[in-house]
Amino acid sequence: MPPASPSPILRRRRLGTELRRLREAAGLTGDQVIERIGWASASKLSRLENGRSRPDPEDVRDLLDLYGAGEALRGELLGITQEAGDIRGWLKNFPVMTQQQRSWAELEAGCAEISEYNPVLVPGLLQTPGYARVRIVSARQVGAGAGDPEPTDEPETEVQARLARQSLLTRAPDAPRYTAVLEEAALGHRAGPPDVLHEQLVQLCELALLPNVTLHVLLRDAPIGDFYLPPTAFSLYRFADPLDPETVAIEGGFTDVMSTEANGLNRYKVVFEWLCTAALPASDTLSWLIDAAGRLTEAGSPSTVAYGPATAPAQRRRYSGRLTER
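Please provide a residue-by-residue account of the environment of T260, values included.
Here T260 shows up in the loop between β6 (256-259) and α11 (262-278). You can call T260 partly exposed: its relative accessible area is 39%. Here T260 is in contact with R13, P245, E246 and T247, once residues within four sequence places are set aside.

So what's going on with the packing of aromatic side chains? Which residues, and what values?
All told, the structure shown has four aromatic pairs when counted by the stated rule. Taking the centre distance of 5.4 Å and the plane angle of 70° together, the rings of Y228 and W274 count as edge-to-face. Residue Y228 is located in the loop between β3 (213-218) and β4 (233-239), and its partner W274 is located in helix α11; the two are separated by 46 residues in the primary sequence. Where F234 meets F272, the ring centres are 6.4 Å apart and the plane angle is 80°; that geometry is what we call edge-to-face. Here F234, found in strand β4, pairs with F272, found in helix α11; they are 38 residues apart in sequence, far enough to count as distant. Each of the two residues, F234 as well as F272, counts as buried.

Report on the side chain of D59, specifying residues and quantitative values.
Here D59 is to be found in helix α4 (residues 57-67). Reaching out from D59, the side chain makes a polar contact with the side chain of K44 at a distance of 3.0 Å. Once you skip the residues sitting within four places of it in the chain, D59 turns out to touch W39 and K44.

Any details on the sheet that holds β6? Residues and values, ideally.
As a general point, the strands of a sheet are linked pairwise by backbone hydrogen bonds and lie either parallel or antiparallel. Strand order in this open sheet of six strands is β3-β2-β1-β4-β5-β6, and the pairing throughout is mixed. This sheet does not close on itself; its edge strands, each paired only once, are β3 and β6. Averaged over all pairs of adjacent strands, the angle between strand axes in this sheet comes to 10°, irrespective of strand direction. Set on the sheet, α11 makes contact with β1 (111-118), β2 (177-183), β3, β4, β5 (247-251) and β6; between it and β4 the angle comes to about 110°.

So what's going on with α11? Which residues, and what values?
Between its terminal C-alpha atoms α11 stretches 25 Å, which fits the 24 Å expected from 17 residues at 1.5 Å a residue. Looking at the buried side of α11, the elements it contacts are β1, β2, β3, β4, β5 and β6. N-cap assignment for α11: the residue whose side-chain oxygen lies 3.0 Å from the backbone N of N263 is E261.

Give me the nonpolar core: which residues, what numbers.
Counting residues in hydrophobic clusters, the biggest one holds 38 residues, and the most contacted among them are L126, Y178, L201, L204, Y237, W288 and L289. Sorting the residues of this core by element identifies α7 (99-108), β1, β2, α10 (194-208), β3, β4 and α12 (282-298) as the ones contributing at least two each. Not counting residues up to four positions away in its chain, the partners in contact with L204 are V122, L126, L182, L187, L215 and L289.

Summarise the pairing of β2; cite the residues concerned and give the values.
With six of its seven residues buried, β2 lies for the most part within the structure. Bridge analysis of β1 against β2 gives six bridges, and the strand direction is parallel. Across the sheet, residue S115 finds its bridge partner in β2, namely T179. Where β2 meets β3, six bridges bridge the pair, whose relative direction is parallel. Residue pairing for β3: T179 is matched across the bridge by T214. The handedness of the β2 to β3 crossover, carried by α10, is right-handed.

Give a detailed account of the side chain of E108, specifying residues and quantitative values.
With respect to the helices and strands, the residue E108 is situated in helix α7. Since its relative accessible area comes to 2%, E108 is described here as buried. Within the local environment of E108, its side chain forms a polar contact with the side chain of R165, the two groups lying 2.6 Å apart. Excluding its chain neighbours within four sequence positions, the residues that come into contact with E108 are I114, L125, R165, L168 and Y237.

Conventions and cut-offs
- The numbering scheme is per chain: residues are counted from 1 as the chain's sequence reads.
- Confidence filtering applies because this is a predicted model: local features only for residues at pLDDT of at least 70, side-chain atom pairs given and counted only at 80 or more, and all residues used for totals across whole chains, interfaces and linings.
- Only hydrogens and water are set aside; all other atoms, that is, all heavy atoms of the structure, feed into the side-chain values.
- The secondary structure listing takes helices from DSSP runs of H or I that are at least 4 residues long and strands from runs of E that are at least 2 residues long, numbered from the N terminus.
- Here's how the labels work: a residue is buried when its accessible area is under 20% of the maximum for its type, exposed when over 50%, partly exposed in between, all with a 1.4 Å probe on protein chains only.
- Whether two residues touch is decided by their heavy atoms; if any such pair falls within 4.5 Å, the residues are in contact.
- Only centres within 6.5 Å qualify two rings of Phe, Tyr or Trp (six-membered ring in Trp) as a pair; their planes then separate them into stacked at under 30 degrees, edge-to-face at over 60, and tilted for everything else.
- Pairs of N or O atoms are called polar contacts if they sit within 3.5 Å, as long as, within protein, a hydrogen donor faces a hydrogen acceptor (for residues adjacent in sequence, only side-chain-to-side-chain pairs).
- Two strands form a pair only when DSSP identifies at least two bridges running between them.
- To define axes, lines are fitted to C-alpha atoms, for helices over the stretch in contact only, and angles between the resulting N-to-C directions are given on a 0 to 180 degree scale.
- Every helix has an expected span of 1.5 Å times one less than the residues it contains.
- Nonpolar cores are built from buried Ala, Val, Leu, Ile, Met, Phe, Trp, Tyr and Cys residues. Side-chain atoms within 4.5 Å join them into one set.
- Looking down the strands as they point away from you, a crossover is right-handed if its path from the first strand over the helix to the second goes clockwise.

Any functional reading would require information that these geometric values do not contain.
Dropping the structure here:
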């Protein structure tokens, strides 16, 4: 996979923040800007400043002229403008991508650090094809309400989209630092058939060996802080460009919320620290995963499993042999 490129969504947000800062520094209201440039739509500036529309380079040049931006800043913001509008070029990194998966991939692109917690599932960036397929098919059984349209994408398309996202964990040379807290329940018998769970456990063992990946298993009875109970799944994103705002994605049952609001984001950072402290250390987590996979093998799980693209061949030989001998 080519080196990380910032997502168009993040570029739009960054551009909007800079344009708003320049307008306020120039002492201009939105109405004054619209009048002086001669735009017909009063909402055009608002959409640009809030990162909700694809920016036109000519519009951005007009604003930079009005605000008196210096040459260095002008060149930087015009470069960001081009990246913000290059949806087609960015999507070349993801030949198979559904709309929902695209929204997650856009957040993950250009990340320097990702931290994830899910109370009931293995996070999507760690899932094997089999585990992902079970999750997608089971969710669709309850996902549509009365009158809702049926999903148009085949489950296999969704699986391939998830696998396309996973390649960022092994991307060279700038793979993000990735940390996940995995609930013991996400790897229990209710999560899937024994062969699917065995495959997932083996892949987690292999991923845990990557230098940029840290995994923690949170045991079922481990207390978190002063008996805190996390209410929902969430992910924290810090980007390679320090001026791109950190983001928290809060995953609900059927809807997701993304926010860059500092107070809320800091609360989730505190919760993630509590989770990491309550969970097993990384070395103990690897031992736990190996033992769990071994127990499934002893119970009759198939010893040969299919692996997703995130696994490394050398690690696969080491761990598939070790696990199936138990």
